[in-house]
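Single-letter residue listing:
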Amino acid sequence: MDITQLTETAACAVEELKRLFFTEEAFWVKSAIDGTYVIDQESYEKLSHPIKHFRSLSARIESSKDVTVVPIEATNLIEMFLDSEKWKNLFPSIVNKATTIHMLGSELPIKENCNVLQVVTWIEHVEIDHKPDTHPMYRDLLCGGSSGYGAKRWIVTLERMCERMALSSILSIPATDWSEAIKTGEGRRSVMKLGERMLKNFNEMLTMSGKVDFPQHSKCGVRISLRVNNEAGQPHGLVVSAATCLSIPHTPLQVFNALRSTDTRHQWDVLCDGNRVSEIAHVFTGSSETNHLTILRPQKTQNSGISMPQFSLKDDMVMLQDCYMDALGGMIAYAPLDLNAMNITASGKVDPARIPILPSGFTISRDGQQSMEAEDGGTLLSLVFQIFVSDEIDRMKEVNEKSVAIVSALVSSTI
């Protein structure tokens, strides 16, 4: 590792970012496609010496920027950015792993009085080697800077996570929240931590194993993965997960509202066993009404809906659900818990990290085909389900095919 060269490269990058931050008129132009700001490449190359890393004809330059105000002190935000684990937790829906390789200097001039709220601005400027094997369904999403992993994606995620941290630090129960199950501020914070961990686990699980465990199902558009789970905070043993994606000709918000509605949940959620559900807790996790955590309880009324014998409803079962929606899409993650585990969590007297939870859910994305009007365009909906099969690892071969059949049927019936 050439420390001197790394230091010089970092210094040049800082100077270049300063120019991009503070010389808006010279470098930035408004995109005619979606109204976002992108770097004018001709102006940029006059004052810079970009290095071409890819020689492929499919390589392209992407750039974007966005600005927001977040409810966090600047010193705290900087400290989180400098800690790889905390930085990863700030962006759970974008970053899967983060590691600090080397520290170039340990002292930074962070002033005590820089406790302001505004972020200076987020800039993304990268060269991408386009992969021709990207599924056609995702090409518009990934090739559009703001919809894929551009500045807008990072900034709305940061905004949402900062709002969540601010709300979780409140010691009492806000007037906007209500609950039959959560009685104290400590209990509310504990349930919010469990919900946050559930979302984190759900995001990590989206990166399934590199190999295709059951190719016959992949041909039908369902990806199935088996793993022996040893992760803390999840049931230990054999877990089967399945994922698929479909395009829906409705806006992300319409799809989101349909999935979080308690009136129709029994029609698609196998955990309800055909029974309607009611909310017994509602906790806001952000300034938008779409960002909240709920505790749902199925009612024993035997209404029509999806019912599978393998998922018969237990009298003491509730569901923890955490969801959010932002300008680019959203996510709904949920998991069954027995009532005793939920009561222990809501008491605030037990570390929620000790409560095992296995989330399933949905990711909701814009399809990348919208115009400058945010209301236009359809939705890419991903369904991901997990089932705990057995804690007897030596029975793995015996239960594989049956478990795969069950989770495949679950995906099909839900779609």
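Keep in mind that this is a model prediction, so the values were computed, not measured.

## Here's the deal with the layout of surface pockets
Line of reasoning, step 1. Taken as a whole, the second largest pocket encloses approximately 1200 Å³ of empty space.
Line of reasoning, step 2. Taken together, 40 residues line the second largest pocket, and the ones lying closest to its centre are Tyr138, Tyr149, Leu206, Thr363 and Ser382.
Line of reasoning, step 3. In the lining of the second largest pocket, the residues fall into 17 nonpolar, 17 polar and six charged.

## Examining the pairing of strand 12 (residues 360–366)
One face of the sheet, then the other: side chains in a regular strand alternate in exactly this way.
Line of reasoning, step 1. Counting buried positions over the seven residues of strand 12 gives seven, a clear majority of the element.
Line of reasoning, step 2. Here strand 11 (residues 329–338) pairs with strand 12 via six bridges, running antiparallel. Within the sheet, the bridge partner assigned to alanine 333 lies in strand 12 and is glycine 361.
Line of reasoning, step 3. Here strand 12 pairs with strand 13 (residues 379–390) via six bridges, running antiparallel. Residue serine 365 lies in a different strand from strand 13, and its bridge partner there is leucine 380.

## A look at the packing of helix 8 (residues 185–205) against helix 11 (residues 339–347)
Line of reasoning, step 1. Packing of helix 8 against helix 11 leaves a shortest axis separation of 6 Å and a crossing angle of 120 degrees. Here helix 8 lies oblique to helix 11, going by the angle between them. Residues Gly187, Ser190, Val191 and Leu194 of helix 8 form the contact with helix 11, whose participating residues are Thr345, Ala346 and Ser347.
Line of reasoning, step 2. Grouping the amino acids of the contact of helix 8 with helix 11 by side-chain chemistry returns three nonpolar, four polar and no charged.

## A closer look at the packing of aromatic side chains
Line of reasoning, step 1. Throughout the structure, instances matching the rule amount to eleven aromatic pairs.
Line of reasoning, step 2. Relative to tryptophan 154, the ring of phenylalanine 91 has its centre 4.9 Å away and its plane inclined at 70 degrees; by these criteria the two rings are edge-to-face. Here phenylalanine 91 is found in the loop between helix 5 (84–90) and strand 4 (122–129), whereas its partner tryptophan 154 is found in helix 7 (residues 151–168), with 63 residues between them in sequence.
Line of reasoning, step 3. Through pairs of rings, three or more aromatic residues link up here, namely Phe81, Trp87, Phe91, Trp122 and Trp154.
Line of reasoning, step 4. Against the face of tyrosine 37 rests lysine 65, its NZ or CZ located 5.6 Å from the ring centre.
Line of reasoning, step 5. Against the face of tyrosine 334 rests arginine 265, its NZ or CZ located 4.8 Å from the ring centre.

## Here's the deal with the sheet that holds strand 13
Line of reasoning, step 1. Spatially, nine strands are ordered 5-8-9-10-11-12-13-7-6 in an open sheet, and the strand pairing comes out antiparallel. With one partner strand each, in any of the chains shown, strand 5 (178–179) and strand 6 (223–229) form the two edges of the open sheet.
Line of reasoning, step 2. As judged from the seven bridges shared by strand 8 (residues 277–284) and strand 9 (residues 292–298), these two strands associate in the antiparallel manner. Following the sheet pairing, alanine 281 is matched in strand 9 by isoleucine 295.
Line of reasoning, step 3. The sheet strands contacting helix 11 are strand 9, strand 10 (317–325) and strand 11, and the helix crosses strand 11 at an angle near 110 degrees.

## Some points on a nonpolar patch on the surface
Line of reasoning, step 1. There is a patch of nonpolar side chains on the surface, built from Ile78, Phe81 and Leu82 and spanning about 230 Å² of accessible area.
Line of reasoning, step 2. For leucine 82, the position within the fold is in the loop between helix 4 (74–81) and helix 5.

## Looking at helix 4
Line of reasoning, step 1. Those residues of helix 4 not exposed but buried are Ala74, Thr75, Leu77 and Met80.
Line of reasoning, step 2. Looking at the buried positions of helix 4, the neighbouring elements they touch are helix 5 and helix 7.

## Some remarks on helix 8
Line of reasoning, step 1. The first and last C-alpha atoms of helix 8 sit 30 Å apart over 21 residues, in line with the 30 Å expected at 1.5 Å per residue.
Line of reasoning, step 2. Burial within helix 8 is extensive, with 15 of its 21 residues counted as buried.

## Things to note about the confidence of the model for the protein
Line of reasoning, step 1. The predicted model of the protein has a mean per-residue pLDDT of 82, with 82% of residues at 70 or higher.
Line of reasoning, step 2. Contacts from residues 111–118, a stretch scored under 50 in pLDDT, to residues over four places away or in other chains number 16 contacts.

The rules behind the values
- Residues numbered from 1 in each chain as written.
- Predicted model: local features only at pLDDT ≥ 70, side-chain atom pairs only at ≥ 80, totals over all residues.
- Heavy atoms only, no water.
- 1 Å grid on protein atoms, 1.4 Å probe; cavity = no way out; pocket = protein on both sides within 12 Å on 5 of 7 lines; lining within 4 Å.
- Points joined across faces, edges and corners; volume = space filled by probe spheres on them.
- Nonpolar A, V, L, I, M, F, W, Y, C, P; charged D, E, K, R; others polar.
- Buried < 20%, exposed > 50% of the residue type's maximum accessible area, 1.4 Å probe, protein only.
- Helix = DSSP H or I, 4+ residues; strand = E, 2+ residues; numbered from the N terminus.
- Pairing = 2+ DSSP bridges.
- Axes fitted to C-alpha atoms, helices over the stretch in contact; angles between N-to-C directions.
- Parallel < 35°, antiparallel > 145°, perpendicular 65-115°, else oblique.
- Contact = heavy atoms within 4.5 Å.
- Phe/Tyr/Trp six-rings, centres within 6.5 Å; stacked < 30°, edge-to-face > 60°.
- Lys NZ or Arg CZ within 6 Å of the ring centre and 35° of its normal.
- Patch = residues over 30% accessible without salt bridge, like charges linked within 9 Å, V, L, I, M, F, W, Y side chains within 5 Å.
- Areas by Shrake-Rupley, 256 points an atom, 1.4 Å probe, with all protein chains shown as cover.
- Salt bridge = Lys/Arg side-chain N within 4 Å of Asp/Glu carboxyl O.
- Expected span 1.5 Å × (residues − 1).
- pLDDT = per-residue confidence, 0-100.

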